[in-house]
Amino acid sequence: MDGCSDAMVPAIMTIALTLASAPIDLAARKAARRAMHLRTRAADEASTISFGSGTLGDIKDIKCDSTVCQITASTANTSGADAPATVALRLYFHGPTIVRWWAQLDGNFSDIGAAADVLVGHSPVALAPAVDKGNYVKVGPVVAPDDEPAVYARVYKSPCRLSLVVGDTVLMSEALPLSWNRHSMWQTSARDVAPSPTGLSKEWFFGGGMQNGRWSHRDTSITIAVDYNWARGGHPNSAPWYVSSAGFGVLRNTWAPGTYTFGAPVITSHNESSRFDAFIALSPRQSLKEVLGLYTSLTGAPFLPPLYALFLGDSDCYHNERHGNSTRTAIGVADLYVQHQMPHGWMLVNDGYGCGYGEGPVDFPQDLSDLTYVDLTYVDGLRLIAT
């Protein structure tokens, strides 16, 4: 089953059927998918300019004004004649507990390659005066979280690295400076840095969007890319966002594919050879719920679904070989939920990925009589309605 919620619902189940009064515009659907692929490819092409390989070195200069810290760092471990001698970085706060850490090897701080068109809450807030602490510079917002310890950044000078602190507790810290090669740029973060919340002996990682068959990622790798694989191991609706049980989440502002490896250390890379752009959300109470709220403050909150959609559901393509090319097999599947006493909320018997509805090996049939048949069928303990 894909598209499932992990909540449960009482015995009566609702099967939601999508009824089409006119043929589906397949051309428009293909055009939308192609537009998405072209946008992703444009992000890839925007970063194909090579800057050799290397890492950030020591900070050469740091200047902070009312909303941004502008940093110039040397480079180290470089190879290739095109490797830069210095790298420009910027540090912003987007509210009391969201940090933006942004590096551009070419010095061009634009939204080329970024996912800026899906970010709605990314206006920087005023910064308090930066404080030089010797081996690092302390940077934080003017406004602190209500009744919570202040969140601030430590920008280490040698080499240039970022740590994020709540009160006196480090929640997230780069173990090594930002690094790059001809294909990608990546962040290397220490693991198990922060004291774990009550009941947890280790730091656990979640997210990455839809990662089929997986929910906890410690000591594993996940891929951030579209593969249209709905089976175990697939990542058809991945997202460049992960959260840590330590109380933070990282959103990479990019359309480019990537790989996240949650070992010791944690290495998160995207296929961008010239830019690194991340929003890092921190919860002073180490609350994943609070971190998720910060994520939606950046991306926008989802719409409120109908009540039945809040519960466990079954979204599938029933007109395919796996189901005998028959939409009517949905009835038998619905019966099985009841027989096995699996509380259920809804079923979508044509999930919109090209299967259609009808009988027999016809390519994308649109037989409304099949939906009517399912709509008018009643099973013990099950109510089926068309919506």
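Everything that follows concerns the structure shown earlier in this document.
The model shown is predicted, which means the values in this text are computed figures rather than measured ones. (Residues numbered from 1 in each chain as written. Predicted model: local features only at pLDDT ≥ 70, side-chain atom pairs only at ≥ 80, totals over all residues. Heavy atoms only, no water.)

(A) Quick look at the side chain of asparagine 325. Tracing the chain through its elements places asparagine 325 in the loop between β19 (313-315) and α3 (329-339). The exposure class assigned to asparagine 325 is buried, which follows from its relative accessible area of 16%. (Helix = DSSP H or I, 4+ residues; strand = E, 2+ residues; numbered from the N terminus. Buried < 20%, exposed > 50% of the residue type's maximum accessible area, 1.4 Å probe, protein only.)

(B) View of the packing of aromatic side chains. A full pass over the atoms with the stated rule returns 10 aromatic pairs. Ring geometry for tryptophan 102 against phenylalanine 109: centres 5.1 Å apart, planes inclined by 80°, an arrangement best described as edge-to-face. Side by side, tryptophan 102 and phenylalanine 109 carry an identical accessibility label, which is buried. Where tyrosine 136 meets tyrosine 156, the ring centres are 5.3 Å apart and the plane angle is 55°; that geometry is what we call tilted. With tyrosine 136 in strand β7 (residues 136-139) and tyrosine 156 in strand β8 (residues 151-157), the pair connects residues that are 20 residues apart, well separated along the chain. In this structure an aromatic cluster arises from ring pairing among Phe205, Tyr242, Phe248, Tyr260 and Phe262. (Phe/Tyr/Trp six-rings, centres within 6.5 Å; stacked < 30°, edge-to-face > 60°.)

(C) Spotlight on unusual backbone geometry. Here the amide bond leading from serine 158 into proline 159 is cis, since omega sits at -5°, within 30 degrees of zero. Note the cis peptide between alanine 264 and proline 265, where omega equals 10°. By the secondary structure assignment, proline 265 is in the loop between β16 (258-262) and β17 (266-270). Its identity is not glycine, yet asparagine 77 carries a phi of approximately 55°, on the positive side. Tracing the chain through its elements places asparagine 77 in strand β3 (residues 69-79). Note on asparagine 77: relative accessible area 64%, which makes it exposed.

(D) Quick peek at helix α2 (residues 288-299). Spanning 12 residues, α2 covers 16 Å between terminal C-alpha atoms, matching the ideal 16 Å at 1.5 Å per step. Here α2 has its buried residues at Val291, Leu294, Tyr295 and Leu298. One side of α2 holds all its buried residues, which, seen down the axis, span an arc of 105°. Buried residues along α2 sit in contact with β5 (98-104), β14 (238-244), β15 (248-252) and β18 (275-282). For α2, the N-terminal cap is serine 287; the gap from its side-chain oxygen to the backbone nitrogen of lysine 289 is 3.4 Å. Once α2 finishes, glycine 300 follows within two positions and takes phi at roughly 95°, a positive value. (Expected span 1.5 Å × (residues − 1). Arc of directions from axis to C-beta. Contact = heavy atoms within 4.5 Å. Polar contact = N/O pair within 3.5 Å; in protein donor to acceptor, adjacent residues only side chain to side chain.)

(E) A look at the pairing of strand β10 (residues 169-180). Across the 12 residues of β10, 9 count as buried, placing the element largely inside the fold. In this sheet, β10 lies alongside strand β2 (residues 53-64) in antiparallel orientation, the contact comprising 2 bridges. Considered in β10, the bridge of threonine 55 is made with serine 179. By the bridge criterion, 4 bridges tie strand β9 (residues 160-166) to β10 in an arrangement that is antiparallel. Each residue of the ladder has a partner; that of leucine 164, found in β10, is methionine 172. In sequence, β9 turns back onto β10 through a hairpin of 2 residues, with glycine 167 there showing a positive phi of about 65°. Here 4 bridges tie β10 to strand β11 (residues 185-189), and the two strands are oriented antiparallel to one another. Looking across to β11, one finds that tryptophan 180 is bridged to methionine 185. (Pairing = 2+ DSSP bridges.)

Coordinates in, geometry out; function isn't part of it.
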